[in-house]
There are 2 protein chains.
Amino acid sequence: MPTTMLLRKLEQVMVLSESERQTISELPERVLHVKPREDIVDTSRPTSVRLIRTGIACRYTLLGNGHRQITAFLVPGDFCDLRALIMGDMDHAVSALGPCELAVVPHHRLFAAIKDHPRLALAFWSDTLVDAAIHRDWVANVGRRSAYERMAHLLCEIWFRLKSVGLSMDHSFELPATQGDLGDATGLSQVHVNRTIGKLREDGLIRLSKGRVVQLLDWERLTEVAEFDPAYLRVPKLNGG
Amino acid sequence: MPTTMLLRKLEQVMVLSESERQTISELPERVLHVKPREDIVDTSRPTSVRLIRTGIACRYTLLGNGHRQITAFLVPGDFCDLRALIMGDMDHAVSALGPCELAVVPHHRLFAAIKDHPRLALAFWSDTLVDAAIHRDWVANVGRRSAYERMAHLLCEIWFRLKSVGLSMDHSFELPATQGDLGDATGLSQVHVNRTIGKLREDGLIRLSKGRVVQLLDWERLTEVAEFDPAYLRVPKLNGG
DNA sequence: CGAAATTTTGAGTTCACTCAAGGATGGTGG
DNA sequence: CCACCATCCTTGAGTGAACTCAAAATTTCG
């Protein structure tokens, strides 16, 4: 029951001992298959943590005015509800975009792993720190960029994160999101998302093929438009501990 | 060299032993006084962590288009650059709004504290989890709320957080931010911030007195307008560990 | 007290929104 | 395998919330 993506991510933060790697790979209790558009976690008090193995999911909040805001996309190797391990509850929901395969890790196993290998607490903590950095980037994206720049930035981020876990070699990836979803992620209306990606396409920056495949045709120009700097996503090796 | 606010915050998450409390209170190496508008941390590689003791600060990012986005306000008890403890670097800057008093905690002391009391790692981790929750809320705020609701929400959040650390008994607090700052926090222009708080004032929801004191005149209606639900800020007691 | 920063107000503009309808696409069951 | 239905995408037209530019009034601070 491989936890390859997670290991890959954590190994970017710190060097893991054989024993630590072993412990992590034995975390999952079972695998869960989730259908497209299905909720993975709602705002409750889960007793296990779900880890994305394949597929793409999103964190979201429903506002009272009927709107939805997606606050993050989750790619393989990402925890859905690590928050609840420490905080007890979830303050938001997570839903699968396309079909997802999840590993389920009971809280007690994670606590046991941390007890045996205290350094792992720092590794998992770093996951939350990256989450926070991504959120900050989204605040800036939604708050201070035009629709055009915003969409460009979002696509850059998703591609970069997929690439970091070894998915997407070339500059293309499958994104099982509707234009409505992209609107909820960027704070734009569905119609304006349509016009915006239309312009990105006209300008030769992206291409959308059948099966919801996104191609970034001109990474150079796209990052320029989006002002995309992956520094906030990059994880330097942990020194102390 | 008291770390009262921090202790108060951490004790909301978990019960601390006398020894743990002692360790935390001995963390600060020195106190630092920072003038209004001065940077507390920039995007570099600090070797100590700064902790707000008094005053209000903000995290911010400068965008290439000349805009600034504030991604969070920091109140007493909050860490400025805990990220760098684990990640090595900062991906954003922190600046004082009004005059601030900071406690400086060298990284090695924090690592030592965690080594002696592994549960403290979970406590500090929870700080990052709350940060992430606040950021998510900001994404939703900026992405899916009108200027009017947005400003209301921001004021609710700041007041609630000040209240949780024992500042502000009544519904008023000092906020040493210009309307430009509030714009950078909400993703609005300075002019529109002016008109928006003008409307909040007209509607009898808030009052701005001399010395930058904000008064929330009608908490009931304000939370309704803002759809403010402090659940995401509340920290349930830690069960495991 | 004067200079600098901030707030306030006015006027015109624009980016993104809503409403609406037609076309494309994809999944499902007969 | 095709017809049908639902979902999603696309385009048009009109509207509106928030923006920019600009200048006056006020406050803050040295």
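Visitor: For the interface of chain A and chain B, give the residues involved together with the corresponding values.
Guide: On the chain B side, the residues contacting the 53 residues of chain A number 53 residues. Counting each side, the surface lost to burial between chain A and chain B is near 4800 Å², with a carbon and sulfur contribution of 66%. By the criterion of area lost to chain B, the three top residues of chain A are A:Trp125, A:Arg136 and A:Arg144, representing 20% of everything that side buries. Linking chain A to chain B there are 4 salt bridges. Between B:Asp184 and A:Arg144 there is a salt bridge; the shortest N-O distance is 2.8 Å. Where chain A meets chain B, there are 22 residue pairs in polar contact (both at pLDDT 80 or more). Those elements giving two or more residues to the side of chain A that touches chain B turn out to be strand S5 (68-74), helix H3 (82-87), helix H4 (107-116), helix H5 (119-144) and helix H7 (179-186) of chain A. In terms of residue count, H5(A) provides more of the side of chain A that touches chain B than any other element does, 18 residues in total.

Visitor: Tell me about the relation of the copies chain A and chain B, and name the residues and values.
Guide: Turning chain A through 180 degrees and shifting it by 0.0 Å along the axis lays it on chain B, with an RMSD of 0.0 Å. Interpreted geometrically, this transformation is the action of a two-fold axis. Residue by residue, 100% of the interface of chain A is reproduced at the interface of chain B, so both copies engage with the same surface.

Visitor: I'd like to hear about the domain arrangement of chain A, residue by residue, with values.
Guide: Residue and element names in this part refer to chain A. According to the domain assignment, chain A consists of domain 1 (4-136) and domain 2 (145-233). Each of domain 1 and domain 2 has a C-alpha centre, and these two points are 24 Å apart. Facing the 17 residues of domain 1 at the interface are 20 residues of domain 2. In this assembly, domain 1 packs against domain 2 so that about 1700 Å² is buried in total across both faces, 62% of it on carbon and sulfur atoms. For the pair domain 1 and domain 2, the interface holds 4 salt bridges. The partner of Arg-68 in a salt bridge is Asp-181, with the nearest N and O atoms 2.6 Å apart. The tally of links from domain 1 across to domain 2 stands at 9 residue pairs in polar contact (both at pLDDT 80 or more). Elements represented by at least two residues in the side of domain 1 that touches domain 2 include exactly helix H1 (4-13), S5 and H5. In terms of residue count, S5 provides more of the side of domain 1 that touches domain 2 than any other element does, 5 residues in total.

Visitor: Give a description of the protein's contact with DNA strand D that names residues and reports values.
Guide: Near DNA strand D lie 17 residues; those nearest to it are A:Gln179, A:Gln190, A:Asn194, A:Arg195 and B:His192. Measuring from a phosphate oxygen of DNA strand D, one finds a side-chain N or O atom of B:His192 at 3.4 Å. One nitrogen or oxygen atom from the side chain of B:Lys210 is found 3.1 Å from a phosphate oxygen belonging to DNA strand D. Put simply, the parts of the chain that give the surface near DNA strand D at least two residues each are helix H8 (190-202) of chain A together with helix H8 (190-202) of chain B. Ranked by residue count, the leading element in the surface near DNA strand D is H8(A), at 5 residues. Taken together, the residues of the surface near DNA strand D break down into 4 nonpolar, 8 polar and 5 charged.

Visitor: I'd love a proper account of the pairing of strand S10 (residues 213-216) of chain B, names of residues and values included.
Guide: Residues and elements named next belong to chain B. Of the two faces of S10, the one lined by Val-214 and Leu-216 is fully buried and the one lined by Val-213 and Gln-215 carries no buried residue. Sheet topology places strand S9 (residues 206-209) next to S10; 4 bridges connect them, and they run antiparallel. If you follow Ile-206 over to S10, its bridge partner there is Leu-216. With antiparallel pairing between neighbouring strands as the criterion, S9 and S10 make up a hairpin whose turn holds 3 residues, including Gly-211 at a positive phi of roughly 75 degrees.

Visitor: Which residues make up the nonpolar core, and what values go with them?
Guide: Counting 138 residues, the largest nonpolar core has A:Phe73, A:Phe124, A:Trp125, B:Phe73, B:Phe124 and B:Trp125 as the members making the most contacts within it. The contact partners of A:Trp125, leaving out residues within four places of it in the chain, are B:Leu82, B:Leu85, B:Ile86, B:Ile114, B:Ala121, B:Phe124, B:Trp125 and B:Thr128.

Visitor: Give me the lowdown on H8(B), citing residues and values where you can.
Guide: Residues and elements named next belong to chain B. With 13 residues, H8 extends 18 Å from end C-alpha to end C-alpha; this agrees with the ideal 18 Å at 1.5 Å per step. Buried residues of H8: Val-193, Thr-196, Ile-197, Gly-198 and Leu-200, and no others. Its buried side turned inward, H8 meets helix H6 (147-164), helix H7 (179-186), S9 and helix H9 (219-226). Of the residues trailing H8, Gly-204 is marked for its positive phi of about 75 degrees.

Visitor: So, the packing of H6(B) against H8(B): which residues are in play, and what are the values?
Guide: Helix packing geometry: the angle between the two helix axes and the distance between the axes. Residue and element names in this part refer to chain B. Remark: H6 packs on H8, axes separated minimally by 9 Å, with the N-to-C direction vectors making an angle of 75 degrees. It follows from the interaxial angle that H6 and H8 lie roughly perpendicular. In this structure, H6 contributes Ala-147, Tyr-148, Met-151 and Ala-152 to the contact, and H8 contributes His-192, Val-193, Thr-196, Ile-197, Lys-199 and Leu-200. In terms of residue class, the contact of H6 with H8 is made up of 7 nonpolar, 2 polar and 1 charged.

Visitor: How would you sum up the environment of B:Arg221? Please name residues and give values.
Guide: All names here are of chain B. Its place among the elements puts Arg-221 in helix H9. For the pair formed by Arg-221 and Ala-140, sequence separation is 81 residues and the distance between their alpha carbons is 20 Å. Non-local contacts of Arg-221, meaning those with residues more than four positions away in its chain, are made with Asp-203, Gly-204 and Leu-205. A polar contact is formed between the side chain of Arg-221 and the side chain of Asp-218, at a distance of 3.0 Å.

Visitor: Describe in detail the environment of A:Thr186, supporting the description with residues and values.
Guide: Residues and elements named next belong to chain A. Within the secondary structure, Thr-186 sits in helix H7. Residue Thr-186 is classed as buried on the basis of its relative accessible area of 0%. Ignoring sequence-local partners within four residues, the contact set of Thr-186 consists of Val-142, Arg-150, Met-151, Leu-154 and Val-193. A distance of 2.7 Å separates the side chain of Thr-186 from the backbone oxygen of Leu-182, its partner in a polar contact.

How each quantity is defined
- Numbers given to residues run from 1 along each chain, matching the order in which its sequence is written.
- In the order they appear in the text, chains get letters beginning with A and ligands get numbers beginning with 1.
- Where totals are concerned, whole chains, interfaces and linings use all residues; where local detail is concerned, this predicted model gives features only for residues with pLDDT of at least 70, and gives and counts side-chain atom pairs only at 80 or more.
- Computation of side-chain values covers all heavy atoms of the structure but excludes hydrogens and water.
- We call two residues contacting when some pair of their heavy atoms lies within 4.5 Å.
- Two parts placed together each lose some accessible area under a 1.4 Å probe, and the buried area is that loss summed for both.
- Whenever a carboxyl oxygen of Asp or Glu lies within 4 Å of a side-chain nitrogen of Lys or Arg, that contact is scored as a salt bridge.
- N or O atoms closer than or at 3.5 Å make up a polar contact, with two conditions inside protein: a donor-capable atom paired with an acceptor-capable one, and, for residues adjacent in sequence, both atoms drawn from side chains.
- For the purposes of this entry, the term helix denotes a DSSP run of H or I that reaches at least four residues, the term strand denotes a run of E that reaches at least two, and both are numbered from the N terminus.
- When the copies are superposed, the least-squares fit draws on C-alpha atoms of residues that have pLDDT of at least 70 in both.
- Each domain span listed reflects an automatic or database assignment of domains.
- Proximity is defined per residue: if any heavy atom of the residue lies within 4 Å of a molecule or strand, that residue is considered near it.
- In this classification, Asp, Glu, Lys and Arg are treated as charged, Ala, Val, Leu, Ile, Met, Phe, Trp, Tyr, Cys and Pro as nonpolar, and every other residue, Gly included, as polar.
- Note on classification: 1.4 Å probe, protein chains only; a residue is buried when its accessible area is under 20% of the maximum for its type, exposed when over 50%, partly exposed between these limits.
- Two strands qualify as a pair provided that DSSP identifies no fewer than 2 bridges between them.
- By nonpolar core is meant a set of buried Ala, Val, Leu, Ile, Met, Phe, Trp, Tyr and Cys residues that side-chain atoms within 4.5 Å join together.
- Any helix carries an expected span of 1.5 Å times its number of residues minus one.
- Simply put, an axis is a line fit to the C-alpha atoms, just over the touching stretch for a helix, and the angle between two N-to-C directions goes from 0 to 180 degrees.
- To sort the angles, those under 35 degrees are grouped as roughly parallel, those over 145 as roughly antiparallel, those from 65 to 115 as roughly perpendicular, and the leftovers as oblique.

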